[in-house]
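# Tertiary structure, described
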Amino acid sequence: MKVLVIGGGAREHALCRSLSLDPDVTALYCAPGNAGIAEVAELHPVDALDGDAVARLATELGAELVVVGPEAPLVAGVADAVRAAGIPCFGPSREAARLEGSKAFAKDVMAGANVPTARSYVCTTPAEIDEALDAFGAPYVVKDDGLAAGKGVVVTDDVEAARTHALACDRVVIEEFLDGPEVSLFAITDGVTVLPLQPAQDFKRALDGDEGPNTGGMGAYSPLPWADPKLVDEVMQTVLQPTVDELRRRGTPFSGLLYAGLAITSRGVRVIEFNARFGDPETQVVLARLKTPLAGVLLGSANGTLDVLPPLTWREDAAVTVVIASHNYPGTPRTGDPIEGLADVVAKDAPHAFVLHAGTRQDGEAVVSAGGRVLSVTASGNDLAQARERAYAAVGRIRLDGSQHRTDIARKAAEEA
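Computed from a prediction, not measured in an experiment: that's the story for all the values here. (Residues numbered from 1 in each chain as written. Predicted model: local features only at pLDDT ≥ 70, side-chain atom pairs only at ≥ 80, totals over all residues. Heavy atoms only, no water.)

## Quick look at unusual backbone geometry
- The step from S222 to P223 runs through a cis peptide bond, and the omega angle for that step is 5 degrees.
- In this structure, P223 sits in the loop between strand 15 (219-222) and helix 9 (231-249).
- Following A350, the chain continues into P351 via a peptide bond in cis, with omega recorded as 5 degrees.
- Structurally, the position occupied by P351 is in the loop between helix 12 (342-349) and strand 20 (353-357).
- The residue N114 is not glycine, and still its phi comes out positive at about 60 degrees.
- Turning to its location among the elements, N114 is positioned in the loop between helix 6 (103-113) and strand 6 (120-123). (Helix = DSSP H or I, 4+ residues; strand = E, 2+ residues; numbered from the N terminus.)

## Some remarks on the sheet that holds strand 1 (residues 2-7)
- Here we have five strands laid out as an open sheet, ordered 3-2-1-4-5, and parallel in their pairing. Each edge of the open sheet is held by one strand with a lone partner, namely strand 3 (42-43) and strand 5 (89-90).
- Bridge count between strand 4 (residues 65-68) and strand 5: two bridges; the pairing is parallel. Bridge pairing in strand 5 links V66 to C89.
- On top of the sheet, helix 2 (residues 51-61) reaches strand 1, strand 2 (27-32) and strand 4; it is set at about 155 degrees to strand 1, its chief contact.
- Its contacts with the sheet put helix 11 (residues 294-303) on strand 4 and strand 5, and the angle it makes with strand 4 is roughly 90 degrees. (Pairing = 2+ DSSP bridges. Contact = heavy atoms within 4.5 Å. Axes fitted to C-alpha atoms, helices over the stretch in contact; angles between N-to-C directions.)

## As for the packing of helix 1 (residues 10-20) against helix 10 (residues 282-289)
- Interaxial distance between helix 1 and helix 10 falls to 8 Å at its minimum, and their mutual angle equals 15 degrees. Taken together, the axes of helix 1 and helix 10 are roughly parallel relative to one another. The handedness of the crossing between helix 1 and helix 10 comes out as left-handed. Contacts from A10, R11, A14, L15 and S18 of helix 1 reach helix 10 at T283, Q284 and L287.
- Here the residues of the contact of helix 1 with helix 10 sort into four nonpolar, three polar and one charged. (Parallel < 35°, antiparallel > 145°, perpendicular 65-115°, else oblique. Left-handed = near helix turned anticlockwise from the far one by under 90°. Nonpolar A, V, L, I, M, F, W, Y, C, P; charged D, E, K, R; others polar.)

## Quick notes on the packing of aromatic side chains
- Under the criterion given, the structure shown has five aromatic pairs.
- Judged by centre distance (5.4 Å) and plane angle (45 degrees), the ring pair of Y121 and F136 falls under tilted. Of this pair, Y121 sits in strand 6 while F136 is found in helix 7 (residues 126-136), placing the two residues 15 residues apart along the sequence.
- With a centroid separation of 5.7 Å and an interplanar angle of 85 degrees, the aromatic rings of F186 and F278 are classed as edge-to-face. Of this pair, F186 sits in strand 10 (residues 182-189) while F278 sits in the loop between strand 17 (268-275) and helix 10, and the two are 92 residues apart along the sequence.
- Take F186: its relative accessible area is 1%, and that puts it in the buried class.
- Members of the aromatic cluster, connected to one another through ring pairs, are F90, F186, Y259 and F278.
- The ring of F354 is capped by R17, whose NZ or CZ atom sits 3.6 Å from the centre of that ring.
- Note that R98 overlies the ring of F105, its terminal NZ or CZ placed 4.2 Å from the centroid. (Phe/Tyr/Trp six-rings, centres within 6.5 Å; stacked < 30°, edge-to-face > 60°. Buried < 20%, exposed > 50% of the residue type's maximum accessible area, 1.4 Å probe, protein only. Lys NZ or Arg CZ within 6 Å of the ring centre and 35° of its normal.)

Take a look at the structure:
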């Protein structure tokens, strides 16, 4: 199978790494990719938001499966253009991707499917915003209705900060605060059959101890030793399958990756949000644990044949990923700084630890930073403590001027396991 992956972040590097290890994949392409992905896939330039350009590239390459990584191309309808060209595509249609593209649409779908979630108001005027903030009280949860690259949500006790964020959005969802730990659960679906993956937990705040501003994610781990063993079954029955069934009932079947961001509250599981693609950085740890070759599962989603696949198999290992971010992230990041020590990780930490590139580019012989989140250093081990130890040992070999990373990824879970 010839596979083309669209995107250029650590999520796409994780996907390309897994696909490169799949014996069924005879050729692997990525567009536009990054400096790390270039080691496992042939890179091609493309405007990832231009569906016709992506479809043309896939046709020229003879791709037999296109995997759309990021949310923006999915919301822009890139998967529709690829399918219109007669090529199987992993990723939802423009209509179905509204599940991530519009928080208000997602809330409407959840109401129709009777999926448990936070009570919320959709607001478009200052008066509606004030009324909603007053109704729920602190802590205030304010979400930009549209895509915001993981930075559209503000959770604060400061009503003025909440109001300022809300007023900066065209349309905003204000909802009740959900207590309890958060869990990310991915499921691969063809619009009918739903295959859940293993749960993970990510770390959204920039600084240790969950301090600092929200980011796209500073690290993740899997499995979750503290989670109820029945959690995946419960979420399948109350969230994932009902959502897929509701979208099919509405005439907008969802095929691809359905990502449920969950809060395990004192009143039970509640959906915080849905995403329409693999999450970053959770994909890095989930795919590190997946034993089943990836390409056949993604093709089964694209072709509507998941029901005939054998059950997914998983490694017993734990996995931890730590994000190395550039100076000033999540503000305007500094880019163009050389990254050193990547070869040391390969020489000293492989195969237990590896580096996935997020915001990097090749500059002559050097690899330099090219974004806010620069690298995801991922490691596996017999348990979370060993995976953590290996991940941070590898992080310690990498040098990037002004870079930052959290030192507490998976610490609590490892200590309590």
